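# Per-entry structural report
The lines below spell out each chain.
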Amino acid sequence: YEQEVRSDVVADTTVVLTPANTLEALVVDDSGKGVPHANVLVAGSGLWPARRLETGEGGKARIGNLSAGAYDLKAELGAMVSRTELGVHLDRGETRAVKLVLGPGRMIPIIVTDGEGDHPVVVPNADVLLVEGGVSSFPIQGRTNNLGKVTLGPVAPGQLVAAARADGFVAK
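Let us look at the structure shown here. Please read these numbers as outputs of a predicted model, since none were measured by experiment.

Parameters and conventions
Residues numbered from 1 in each chain as written. Predicted model: local features only at pLDDT ≥ 70, side-chain atom pairs only at ≥ 80, totals over all residues. Heavy atoms only, no water. Helix = DSSP H or I, 4+ residues; strand = E, 2+ residues; numbered from the N terminus. Rg over C-alpha atoms; globule rule 2.2 N^0.38 Å. Buried < 20%, exposed > 50% of the residue type's maximum accessible area, 1.4 Å probe, protein only. Pairing = 2+ DSSP bridges. Axes fitted to C-alpha atoms, helices over the stretch in contact; angles between N-to-C directions. Contact = heavy atoms within 4.5 Å. Salt bridge = Lys/Arg side-chain N within 4 Å of Asp/Glu carboxyl O.

Within the protein chain, the regular secondary structure consists of 0 helices and 14 strands. Along its sequence from the N terminus, the protein chain presents helices and strands in the succession β-β-β-β-β-β-β-β-β-β-β-β-β-β. A compact globule built from 172 residues should have a C-alpha radius of gyration of about 16 Å, whereas the protein chain, at 21 Å, is more than 25% larger. Summarising its shape, the C-alpha atoms of the protein chain cover approximately 75 × 50 × 20 Å along the three principal directions. The buried share among the 172 residues of the protein chain stands at 35%.

Within a sheet, adjacent strands bond to each other through the backbone by hydrogen bonds, running parallel or antiparallel. Here we have 3 strands laid out as an open sheet, ordered β12-β11-β14, and antiparallel in their pairing. Two strands bound the open sheet, and with one partner strand each, they are β12 (140-143) and β14 (160-165). Adjacent strand axes in the sheet meet at a mean angle of 20 degrees when their direction is disregarded. Where strand β11 (residues 127-132) and β12 come together, 4 bridges link them in antiparallel fashion. Paired with Leu-130 across the bridge in β12 is Ile-140.

Examined against the element boundaries, Gly-87 turns out to sit in strand β7 (residues 85-90). For the pair Gly-87 and Lys-99, spaced 12 residues apart in the sequence, the C-alpha separation amounts to 14 Å. Not counting residues within four places of it along the chain, the set of residues in contact with Gly-87 comprises Ala-70, Tyr-71 and Asp-72.

Using the criterion set out here, one finds 7 salt bridges in the structure. Between Arg-52 and Glu-76 there is a salt bridge whose closest N-O contact spans 3.5 Å. Taken as a pair, Arg-52 in strand β3 (residues 47-54) and Glu-76 in strand β5 (residues 69-77) lie far apart in primary sequence, 24 residues in all. One salt bridge in this structure joins Lys-74 and Glu-132, with 3.8 Å as the shortest N-O distance. Residue Lys-74 is found in strand β5, and its partner Glu-132 is found in strand β11; the two are separated by 58 residues along the sequence. On the basis of relative accessible area, Glu-132 is assigned to the buried category, the value being 17%.

It is a general feature of regular strands that their side chains alternate between the two faces of the sheet. Where strand β2 (residues 39-44) meets β3, 5 bridges bridge the pair, whose relative direction is antiparallel. When the sheet's bridge partners are listed, Gly-44 is paired in β3 with Leu-47. If you look at the hairpin formed by β2 and β3, you'll find 2 residues sitting between the two strands.

Set out below in structure tokens:
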């Protein structure tokens, strides 16, 4: 059931509970076969930070005890990743099925430097963030090595935004 809170109660009162919402994720490969042991990420208006679950046999994962609202879902398994399903809406007491199709993910190599030109200096130990479409419930984080490099992913096809920060530097 969804939580119900009443304040300023001074006499007998009735509290009516509404059944909690559920998302039923089905993770499949490109042939439509269920994929066990895939990670399903879910975040939204009633769930933050993101929760990670593993699919069982048949590729199913059940995410229960959610409040009404909008949720984002994504699945991963090794180098395979699904597109992020954005804004899956749940009404009060609803159970909704969502299919996530795994496909080949991209690994994104990133080099962080102190500027442009012929001989920029690489920046080791920079924190790097990779985000789908500029805003995402599931950002990917990493840190550059001694050569200023980090590879992040897997990510599904589509536009990405990368941001980096390091001690002693300001954003440009």
